[in-house]
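Below are the chains, spelled out letter by letter.
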Amino acid sequence: MHKHRQRIFFWAFFTIYLSICANCFLGAPLKKDAKSWSKDATRDHTPKTWEEVFSKPTRLEITALLTGYVLTGPAILIDAKDPKTPEDQKKEQWVPSLSYLVKHPRRGYFLLDSGVPSIDTENRCDFSLIGPLFNIQCKSEKGRDTASQLDELNIPNTDLDFVLASHLHWDHIGGMEALRKRGPIRVLLSEEEARDAGRNFAVFHGYSHKALSFDFEVSTLPKSGFIDMPILGQVYDLYGDGSVWIVSAHGHTEGEIAVLLNSVGGPILFTFDSSHLKAGFQNGVPPGATVDRKKSLETLSKMRAFAQKFPRLRVIYGHEPSQWTDKARVNLEK
Ligand SMILES: [Zn+2]
């Protein structure tokens, strides 16, 4: 009798929940409209080494936009069960969420990620992953979201080539809704990410149906365009001029990418959430949240080997608090 009652309660709860949150478990039809990215410049000679790539840097302008902070802990940021995880990192903390504005001398502007959404009246940008459940705390200030910062810089959507999404978790595409309000905009991402995020029950890999339902155009990077380079393995020369490199960084999500900018001020590697924290990168500890821990470790170890081989390389981690002050905009070109 007791079990019978439990079952009734369970189904009653489940039915009420589904009626509140009918779409939470459905896939967002990302892949259906996805067009493949095509580059307009292909050089005659493909470089074979990173030394060769770094000998011909491009004058990129790179600005970090600090969009807000997210409250999270080792379940996401760093694997607390790993013996190499420092004790002081096993805690809940407010971590920064960023978007990066890049200006290429010939192609103009693009964004790397779009940060967290704009705020409500109490300076909150909280986000619920599954309807009324799994509320993620987020805080920011007026004017901090990517759209507001671009307004301030007088950069309309028509001047933005695309938003390159490291992956489709809401704290990386949360700024898309406000960006879309300024006009059409497209998101560029890996094929694997588009596929996995568009599946039914994708929420169990951390994708929010709501965040994916914003009306943006999607282009995917063709897998056939990736080449094998020393240490980093599969990479994609985005413009075909050696300035912007997409690095396969799968593990945290199915299609996570990292980005290497070959800038005159020195190369910069953006790990995004393949390493949320500096402590994870330095100690070789993967994030707490991975869809494939083995792949995540492989990604981490190739990026660490790359950083060791090229000490000039600057590494920007996904959400490392010590890399940022409260400043809304930071010029990364030094
Ligand atoms: Zn993140």
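Residues numbered from 1 in each chain as written. Predicted model: local features only at pLDDT ≥ 70, side-chain atom pairs only at ≥ 80, totals over all residues. Heavy atoms only, no water.

Here we look at the pairing of strand 13 (residues 244-248)
Within a regular beta strand, the side chains point alternately toward one face of the sheet and then the other, so they alternate between its two faces. Selection criterion: Under the scheme applied here, a residue whose accessible area is under 20% of the maximum for its type counts as buried, over 50% as exposed, and between as partly exposed, the area being computed with a 1.4 Å probe on protein chains only. Secondary structure elements follow DSSP: runs of H or I no shorter than four residues count as helices, runs of E no shorter than two count as strands, and numbering proceeds from the N terminus. In this analysis, strands are considered paired if DSSP registers two or more bridges between them.
With five of its five residues buried, strand 13 lies for the most part within the structure. Covered by surrounding structure in strand 13 are Val244, Ile246 and Ser248 together with Trp245 and Val247, the residues of both alternating faces. With three bridges connecting them, strand 12 (residues 233-237) and strand 13 associate as antiparallel partners. Counterpart to aspartate 237 in the pairing with strand 13 is tryptophan 245. Between strand 12 and strand 13, which pair antiparallel and follow one another directly, the connecting turn spans six residues, one of which, glycine 240, has a positive phi of 75°.

Re the state of the cysteines
Rules: Here, a disulfide means two cysteine sulfur atoms that sit within 2.5 Å of each other.
Scanning the model with the defined rule gives one disulfide in all. With a sulfur-sulfur separation of 2.0 Å, cysteine 125 is cross-linked through a disulfide to cysteine 138. Across the S-S bond linking cysteine 125 and cysteine 138, the dihedral sits near -75°, which makes this disulfide left-handed. Here cysteine 125 is found in the loop between strand 4 (108-112) and strand 5 (127-130), whereas its partner cysteine 138 is found in strand 7 (residues 138-139), with 13 residues between them in sequence. On the accessibility criterion, cysteine 125 (3% relative accessible area) is buried.

Considerations on unusual backbone geometry
In this structure, asparagine 123 takes a positive phi of about 65° despite not being glycine. Among the structural elements, asparagine 123 can be located in the loop between strand 4 and strand 5. On the basis of relative accessible area, asparagine 123 is assigned to the partly exposed category, the value being 34%. Although it is not a glycine, phenylalanine 272 sits at a positive phi angle of roughly 50°. On the secondary structure map, phenylalanine 272 appears in strand 15 (residues 266-272).

Considerations on the side chain of serine 140
We apply this condition: Polar contact is the term for a pair of N or O atoms within 3.5 Å; when the atoms are in protein, one must be able to donate a hydrogen and the other to accept it, and sequence-neighboring residues count only if both atoms are side-chain atoms.
Assignment of secondary structure puts serine 140 in the loop between strand 7 and helix 3 (146-152). Looking at serine 140, the relative accessible area reads 9%, which means it is buried. A polar atom in the side chain of serine 140 sits 2.6 Å from the backbone oxygen of threonine 67.

Considerations on the coordination of the zinc ion
In an ideal octahedron of six donors the angles at the metal are 90 or 180 degrees, and in an ideal tetrahedron of four donors they are 109.5 degrees. As a reminder, the rule being used: In this analysis a donor is any N, O or S atom within 2.8 Å of a metal ion (3.2 Å for sodium, potassium and calcium), and since water is not included, sites may seem incomplete. Any coordination sphere not matching a tetrahedral pattern (four donors, all angles between 85 and 135 degrees) or a square planar or octahedral pattern (four or six donors, opposite donors over 155 degrees apart, other angles between 65 and 115) is reported as irregular.
Coordination sphere of the zinc ion, protein contribution only: Asp171 (OD), His172 (NE2), Asp273 (OD) and His319 (NE2), at 2.0 to 2.2 Å. In this structure, the zinc ion is coordinated by four donor atoms arranged in irregular fashion, with angles at the metal of 85 to 165°. Summarised as a motif, the one-chain spacing of the donors to the zinc ion is D-H-x100-D-x45-H. Of this pair, aspartate 273 sits in the loop between strand 15 and helix 8 (278-283) while histidine 319 sits in the loop between strand 16 (314-317) and strand 17 (329-331), and the two are 46 residues apart along the sequence. In this structure, aspartate 273 and histidine 319 share a single accessibility class: buried.

Some details on the packing of aromatic side chains
The criterion, for reference: Here a pair means two rings of Phe, Tyr or Trp (six-membered ring of Trp) with centres within 6.5 Å. Their orientation is stacked below 30 degrees between planes, edge-to-face above 60, and tilted elsewhere. Put simply, a charge is over a ring when the Lys NZ or the Arg CZ is close to the ring centre, within 6 Å, and near the line of the ring normal, within 35 degrees.
In this structure the tally under the stated criterion is 16 aromatic pairs. Both rings, one in tryptophan 50 and one in phenylalanine 306, keep their centres 5.4 Å apart while their planes meet at 75°; by these two values the pair is edge-to-face. Here the residue tryptophan 50 occupies a position in helix 2 (residues 50-54), and phenylalanine 306 occupies one in helix 9 (residues 293-309), the gap between them amounting to 256 residues. Using a relative accessible area of 1% as the deciding quantity, one classes tryptophan 50 as buried. Classification of phenylalanine 306 as buried rests on a relative accessible area of 0%. Grouping aromatic residues by their ring pairs yields a cluster made of Trp50, Phe54, Trp245, Phe306 and Phe310. When the ring centre of tyrosine 69 is taken as reference, the NZ or CZ atom of lysine 139 above it lies at 5.9 Å. Lying over the aromatic face of tryptophan 94, lysine 139 brings its terminal NZ or CZ to 4.5 Å of the ring centre.

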